[in-house]
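A closer look at the structure
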Amino acid sequence: MEKTCFVIMGYGVKNNLNLDLTYTMIIKPCIEENRLIPFPLYAESEYNAFRCDEISGSTAIDYKFVTCLNGADIVIADISTMNANAIYELGARHALKPRSTILLCAKEKGHEFNFFDITYVPILFYEHSGMALEPKSVSAAREKLNKCLDFAINSSSPFPDNPIQRALIEKQSYDGNLNPEPSIYELYVKGKHELDINDPKSAVVTLTELYKSAPSEENLLLLSLAQYKIAEMDGSCKGLVECINFIRSNISVEDSTSEYLFGRLAAISLRIFNLSGDQQYYHDALTYYRRGAAYSKKNLYCPRNYCALLFRIYELTDDMNIIREYYYTAIHFAKLFINSNVTVKNSGDYNDRVYYQYNVNDLKSITEGEYINFEKMCRRLEMDSDITTRQKETIEKGIHKLKEDIEQMYSRVNPVSD
C-alpha cells in the first residue's frame with residue numbers, strides 16, 4: 001500500500017532564504033524517489049498536492065492542513081525560517097501523530113532557535129547559502145532525508161518521535177506513582193534567589209537541574225553566572241576559563257545578537273584579567289562588551305562597561321597615544337549611549353531601573369572627566385532596601401573603580417576644557 005506524505009514549510013523567499021529551492025531540489029525529489037503520494041484530501045488525485053499552498057480548491061486552508069496533518073503517514077517539516085504557521089502546524093502534527101514526522105533546517109538558521117521544546121527531536125541540518133544550493137549540499141541533504149524516509153516507511157518501531165507523544169506515554173507510567181518535584185519556574189526562582197543572597201554553590205545545584213529540564217539561553221547564562229561566582233570566590237582562573245568554554249560549547253557565540261550573552265562572557269573575561277593580568281582577557285572583555293553594546297536594549301549594562309573598561313587602558317600601557325585614543329573613544333561612545341532608546345525608559349522592573357540610573361550616571365561621569373554625584377549615589381545605594389545584596393555589591397564596586405579610573409586617566413591625558 002502506498003504511503004502518503006505532507007510537507008510543512010513556507011514558500012518563496014522568507015527571511016533571506018529561498019524555500020522553494022529546498023522543496024524542489026531536496027524534499028520533492030526524495031518524496032518521488034520513495035514513491036510517496038500526496039494525502040488524498042480530494043477523491044480526484046489531480047487536485048491533491050504535498051504542500052498546502054499547492055493544494056487546489058476553495059476549501060478553507062485550516063481544514064486542508066489539519067486534515068492532511070492528521071491523515072498523512074509521513075510529514076516533512078522545514079523549520080528554517082521559524083515561520084509561525086509552520087511551527088503551529090508542526091505542533092499540531094506532534095499532538096495528532098506519535099511517529100513519522102521529519103524535521104529539516106538550514107544549518108545557517110539553526111542558531112536562531114529560542115525554544116527548548118524540540119531540542120531533543122532529531123533535526124536534519126543542511127547547507128543553504130540563502131539564494132542558492134550547492135550540488136554537494138543537495139546530495140548530502142537528500143541522502144539524510146532518504147534514510148529517514150526509509151525508516152518511516154519500513155520500520156515497525158512503536159516508539160514516538162516527538163515530545164508530546166512521549167510525555168503522554170510517560171504519564172501513563174507515572175500515574176499513581178508520582179513523586180513531587182519542583183517545577184521549572186520554582187527552580188528558576190530558587191536559583192535566582194540563591195544567587196541574590198550570594199550562595200552560588202547552592203545556585204549551581206539548582207540551576208544545573210533547571211538547565212537540564214529547560215536548556216534555554218537564559219538558564220544557561222544563569223548557571224554560568226553561578227559557576228563563575230564560585231570560581232571568582234576561589235580565585236580560580238581555570239574555573240573561569242571553564243565557564244567560558246561551557247558557554248561557548250552550548251551557544252553559537254559568533255552568530256549571536258544577545259547582549260546578555262556578550263555581557264556574561266565579558267564579565268568572566270574581565271575577572272580572569274583581574275586575577276591574572278593577562279592582557280588578552282582585557283581585550284576579550286572589551287570586544288564582548290562592545291558587541292553587547294551594539295545590541296543593547298535594556299539598561300545600558302554593556303555600553304556602560306565598554307566605556308568604563310576603555311578607561312582602564314592605563315593599567316596595560318604607558319603609551320600616551322594609546323591612552324589618549326582610548327580616553328576619547330570612551331567619551332565619544334558614552335555621549336552616544338546616554339541618549340540610547342532603551343526599554344527600561346518605558347518599562348522594566350525596579351532592578352532594571354536601578355541599574356539604568358547608575359549606568360547613566362557612570363556614562364555622564366566619563367564624559368565630564370570626573371565622577372559626578374559620587375557621595376549622593378553611594379548614599380542612595382546604601383539606603384536602598386529594595387535591591388539585592390549582590391546588586392548592591394556589584395554597583396558599589398563599579399562606582400569606586402570607575403571613580404579611580406576616571407581620575408587616573410584624566411591626570412594622564414589632562415584634556416583641554418571645551
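Residues numbered from 1 in each chain as written. Predicted model: local features only at pLDDT ≥ 70, side-chain atom pairs only at ≥ 80, totals over all residues. Heavy atoms only, no water.

Some points on the pairing of strand S6 (residues 101-106)
Across the 6 residues of S6, 6 count as buried, placing the element largely inside the fold. Of the two faces of S6, both are covered, the one formed by Thr101, Leu103 and Cys105 as well as the one formed by Ile102, Leu104 and Ala106. Traced from strand S5 (residues 74-78) through helix H3 (residues 84-96) to S6, the parallel crossover comes out right-handed. With 4 bridges joining them, S6 and strand S7 (residues 123-126) adopt parallel strand pairing. Counted as the bridge partner of Cys105 is Phe125 from S7. (Buried < 20%, exposed > 50% of the residue type's maximum accessible area, 1.4 Å probe, protein only. Helix = DSSP H or I, 4+ residues; strand = E, 2+ residues; numbered from the N terminus. Right-handed = clockwise from strand over helix to strand, strands pointing away. Pairing = 2+ DSSP bridges.)

Digging into the side chain of Ser80
Tracing the sequence through the fold places Ser80 in the loop between S5 and H3. Within the local environment of Ser80, its side chain forms a polar contact with the side chain of Asp78, the two groups lying 2.6 Å apart. At 3.4 Å, the side chain of Ser80 forms a polar contact with the side chain of Tyr126. (Polar contact = N/O pair within 3.5 Å; in protein donor to acceptor, adjacent residues only side chain to side chain.)

A few points about the environment of Ile251
Assignment of secondary structure puts Ile251 in the loop between helix H9 (237-250) and helix H10 (259-276). Ile251 sits 35 residues away from Ser216 along the chain, and the two C-alpha atoms are 9.8 Å apart. When neighbours within four sequence positions are excluded, Ile251 is seen to be in contact with Glu217, Leu220 and Leu261. (Contact = heavy atoms within 4.5 Å.)

Description of the packing of helix H8 (residues 217-234) against H10
Where H8 contacts H10, the axes come no closer than 11 Å and their chain directions differ by 10°. As far as their axial angle goes, H10 and H8 are roughly parallel. Facing H8, whose interface residues are Glu217, Leu221, Leu222, Ser224, Leu225, Tyr228, Lys229 and Glu232, H10 presents Tyr260, Leu261, Arg264, Ala267, Ile268 and Arg271. Here the residues of the contact of H8 with H10 sort into 8 nonpolar, 1 polar and 5 charged. (Axes fitted to C-alpha atoms, helices over the stretch in contact; angles between N-to-C directions. Parallel < 35°, antiparallel > 145°, perpendicular 65-115°, else oblique. Nonpolar A, V, L, I, M, F, W, Y, C, P; charged D, E, K, R; others polar.)

Comments concerning unusual backbone geometry
Positive phi, close to 55°, is recorded for Asn15, a residue that is not glycine. With relative accessibility at 38%, the residue Asn15 sits in the partly exposed group. Not every positive phi belongs to a glycine, and Met82 is a case in point at roughly 50°. Take Met82: its relative accessible area is 22%, and that puts it in the partly exposed class.

Describing the packing of aromatic side chains
According to the stated counting rule, one finds 12 aromatic pairs in the structure shown. Relative to Tyr295, the ring of Phe262 has its centre 6.4 Å away and its plane inclined at 20°; by these criteria the two rings are stacked. Placement of Phe262 in helix H10 and of Tyr295 in the loop between helix H11 (279-294) and helix H12 (301-310) is noted, with a sequence separation of 33 residues between them. You can call Tyr295 partly exposed: its relative accessible area is 31%. Pairing Phe311 with Tyr327 gives two aromatic rings, centres 5.1 Å apart and planes at 20°, and the pair type is stacked. Placement of the pair is Phe311 in the loop between H12 and helix H13 (320-338) and Tyr327 in helix H13, with a sequence separation of 16 residues. Like Tyr327, Phe311 is buried. Connected via pairs of aromatic rings, a cluster forms that spans Tyr306, Phe333 and Phe337. Geometry around Tyr11 places Lys14 over its ring, the cationic atom sitting 4.4 Å from the centre. Just above the ring of Tyr23 sits the side chain of Arg51; from NZ or CZ to the centre is 4.4 Å. (Phe/Tyr/Trp six-rings, centres within 6.5 Å; stacked < 30°, edge-to-face > 60°. Lys NZ or Arg CZ within 6 Å of the ring centre and 35° of its normal.)

Some points on H13
Between the first and last C-alpha of H13 there are 27 Å, a value that for 19 residues agrees with the 27 Å anticipated at 1.5 Å per step. Regarding H13, the residues found buried are Ile323, Tyr326, Tyr327, Ala330, Ile331, Ala334, Phe337 and Ile338. Along H13, the residues classed as buried sweep out an arc of 135° about the axis, all on the same side. In H13, those exposed residues whose orientation departs by more than 90 degrees from the buried face are Asn321 and Glu325. Turning to H13, the residues buried within the fold contact H11, H12, helix H14 (350-368) and helix H16 (389-413). One side-chain oxygen at the N-terminal end of H13 lies 2.9 Å from the backbone nitrogen of Asn321; it belongs to Asp319. (Expected span 1.5 Å × (residues − 1). Arc of directions from axis to C-beta.)

As far as function goes, none of this settles anything; it's purely spatial.
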